[in-house]
Amino acid sequence: MATAVEIAAAESRPLADLEMDSVLAVEAAWGRRAHGRKPQTIPEFLDAVAAVHARYALRREWLRTHPQGVAS
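Quick caveat, the model's predicted, so the values are computed rather than measured. (Residues numbered from 1 in each chain as written. Predicted model: local features only at pLDDT ≥ 70, side-chain atom pairs only at ≥ 80, totals over all residues. Heavy atoms only, no water.)

A. Quick peek at the packing of helix α2 (residues 15-33) against helix α3 (residues 42-65). Here α2 crosses α3 at 165 degrees, and the two axes come no closer than 10 Å. With respect to α3, the axis of α2 lies roughly antiparallel. In terms of crossing hand, the pair formed by α2 and α3 is right-handed. Here Leu15, Ala16, Leu18, Glu19, Ser22, Val23, Val26, Glu27, Trp30 and Arg33 of α2 come into contact with α3, specifically with Ile42, Glu44, Phe45, Ala48, Val49, Val52, His53, Tyr56, Arg59, Arg60 and Leu63. Residues belonging to the contact of α2 with α3 are distributed by class as follows: 13 nonpolar, 2 polar and 6 charged. (Axes fitted to C-alpha atoms, helices over the stretch in contact; angles between N-to-C directions. Helix = DSSP H or I, 4+ residues; strand = E, 2+ residues; numbered from the N terminus. Parallel < 35°, antiparallel > 145°, perpendicular 65-115°, else oblique. Left-handed = near helix turned anticlockwise from the far one by under 90°. Contact = heavy atoms within 4.5 Å. Nonpolar A, V, L, I, M, F, W, Y, C, P; charged D, E, K, R; others polar.)

B. Representation of the packing of aromatic side chains. Following the criterion strictly, the structure yields 1 aromatic pair and no others. Centroid distance tryptophan 30 to phenylalanine 45: 4.8 Å. Interplanar angle 35 degrees. Geometry classified as tilted. Here tryptophan 30 is found in helix α2, whereas its partner phenylalanine 45 is found in helix α3, with 15 residues between them in sequence. Owing to a relative accessible area of 14%, phenylalanine 45 belongs among the buried residues under this scheme. (Phe/Tyr/Trp six-rings, centres within 6.5 Å; stacked < 30°, edge-to-face > 60°. Buried < 20%, exposed > 50% of the residue type's maximum accessible area, 1.4 Å probe, protein only.)

C. Seen up close, the side chain of serine 22. Counting through the fold element by element, serine 22 comes out in helix α2. Note on serine 22: relative accessible area 19%, which makes it buried.

D. Structural detail: the side chain of glutamine 40. Structurally, glutamine 40 can be placed in the loop between α2 and α3. Owing to a relative accessible area of 17%, glutamine 40 belongs among the buried residues under this scheme. Residue contacts for glutamine 40: discarding those within four places in its chain leaves Trp30, Arg33 and Phe45.

E. Looking closely at the confidence of the model for the chain. Considering every residue of the chain, the mean pLDDT works out to 82; 79% of them sit at 70 or more. Confidence scores differ between elements of the chain, with helix α1 (residues 4-12) showing the lowest mean pLDDT of 57 and α3 the highest of 92. (pLDDT = per-residue confidence, 0-100.)

Below you can see the structure in the form of structure tokens.
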């Protein structure tokens, strides 16, 4: 579970950076599975990367339609 400091740090980072971190995590998992019993196939890898991009596209759309006010 993330701590309050980790959550605050993640919220201050640009969404594109968080998206790239997620893609890199998928790549790292793919690298680990490459040497396991059931290696990930290329279509599975591409589906996982596409899912990351889709998740962040939905987040961007939500942020666009729900403007965040600045706390005073």
